[in-house]
Amino acid sequence: MTQDEMKKAAGWAALKYVEENTIVGVGTGSTVNHFIDALGTIKHDIKGAVSSSEASTEKLKSLGIEVYDLNSVSEIGVYVDGADEINNYNHMIKGGGAALTREKIVAAVADKFICIVDNTKNVDILGEFPLPVEVIPMARSYVARELVKLGGDPVYREGVVTDNGNVILDVHNLKIIEPRKLEEQINAIVGVVTNGLFANRGADAVLVGTPEGVKTL
Ligand SMILES: O=C(CO)[C@H](O)[C@H](O)COP(=O)(O)O
């Protein structure tokens, strides 16, 4: 079974969490793209979606799914998104696709966060995947120096501008023993918009695509 087939299986399995006549929160990435395809098959049973990126918005609209502005929505039952790494406590590193800030906002509004991954994403300790940090452009060098003080090696993701007009620093060589604490410490650096640790708001359920089928954690 290929990695993409495992992503697809996880994406389609998330449909069972979607309730009729609700607005669904939709993440970003190749696993979520499979979920959006699945959502398209039940588009007449849902009200629509709130999206976490321009890329997901475009795909949702192309399938005829109505996309709402988050400011016009007070309730999202379920938010479905992928991850770059997930540990045994359902803490995640996200932002490989640079959509971390909008993802975190939509996740904060949602009642439930369903994480969909293939089995290469499960780890014991977060940090092998470089931690993305979205930064206001003028603060890039300052934030990078502060991230070095926290033990990381930040690398500017050249050529990438987020949907919010900011830049990304990918922080290498972190061994994240206390994800909740590090999430707060990085957020406290002036100039940081968001970091890709989703620990204080982790996933409520994880669907893992494996060669033996989809496992729910
Ligand atoms: O956080 C993300 C985007 O910002 C994605 O969820 C993460 O990068 C996983 O992507 P994929 O499903 O393509 O492996």
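Residues numbered from 1 in each chain as written. Predicted model: local features only at pLDDT ≥ 70, side-chain atom pairs only at ≥ 80, totals over all residues. Heavy atoms only, no water.

- You'll find the chain entered in an unreviewed UniProt entry as Ribose-5-phosphate isomerase A, with Motilimonas pumila given as the organism.
- The Pathway (unreviewed entry) field of the UniProt record for the chain holds the comment "Carbohydrate degradation; pentose phosphate pathway; D-ribose 5-phosphate from D-ribulose 5-phosphate (non-oxidative stage): step 1/1."
- For the record of the chain, the UniProt heading Function (unreviewed entry) holds the text "Catalyzes the reversible conversion of ribose-5-phosphate to ribulose 5-phosphate." (UniProt positions renumbered as here; feature names shortened; annotations may be inferred.)

Thoughts on the UniProt feature "active site" (unreviewed entry) in the chain
At step 1: When the UniProt feature table is mapped onto this chain numbering, "active site" (unreviewed entry) sits at Glu103.
At step 2: Accessibility expressed as a relative area gives 3% for glutamate 103, which makes it buried.
At step 3: Ignoring anything within four residues of it in the chain, the contact list for glutamate 103 reads Thr28, Ser52, Tyr79, Asp81, Lys94, Gly95 and Phe198. (Buried < 20%, exposed > 50% of the residue type's maximum accessible area, 1.4 Å probe, protein only. Contact = heavy atoms within 4.5 Å.)

Quick word on the layout of surface pockets
At step 1: Roughly 280 Å³ of volume is contained in the largest pocket.
At step 2: Mapped onto the lining of the largest pocket, the elements with two or more residues apiece are strand S3 (76–81) and strand S6 (110–118).
At step 3: Here the lining of the largest pocket gets 3 residues from one element, more than from any other, and that element is S3.
At step 4: Partitioning the lining of the largest pocket into residue classes produces 5 nonpolar, 3 polar and 6 charged. (1 Å grid on protein atoms, 1.4 Å probe; cavity = no way out; pocket = protein on both sides within 12 Å on 5 of 7 lines; lining within 4 Å. Points joined across faces, edges and corners; volume = space filled by probe spheres on them. Helix = DSSP H or I, 4+ residues; strand = E, 2+ residues; numbered from the N terminus. Nonpolar A, V, L, I, M, F, W, Y, C, P; charged D, E, K, R; others polar.)

A closer look at the site of the ligand
At step 1: If you check the shell around the ligand, you find 17 residues, and the closest are Ser30, Thr31, Asp84, Gly95 and Lys121.
At step 2: Residue glutamate 103 places a side-chain N or O atom 3.1 Å away from an oxygen atom belonging to the ligand.
At step 3: Starting from 370 Å² of accessible surface for the ligand in isolation, the protein chains cover 91%. (Near = heavy atom within 4 Å. Polar contact = N/O pair within 3.5 Å; in protein donor to acceptor, adjacent residues only side chain to side chain. Areas by Shrake-Rupley, 256 points an atom, 1.4 Å probe, with all protein chains shown as cover.)

With respect to the domain arrangement of the chain
At step 1: Taken domain by domain, the chain consists of domain 1 (3–123 + 200–216) and domain 2 (131–196).
At step 2: Distance from the C-alpha centre of domain 1 to the C-alpha centre of domain 2: 24 Å.
At step 3: With 16 residues of domain 1 at the interface, the matching set in domain 2 holds 18 residues.
At step 4: When domain 1 packs against domain 2, the two sides together hide about 1400 Å² of surface, and 47% of this comes from carbon and sulfur. (Domains from an automatic or database assignment. Buried area = accessible area lost by both parts, 1.4 Å probe.)

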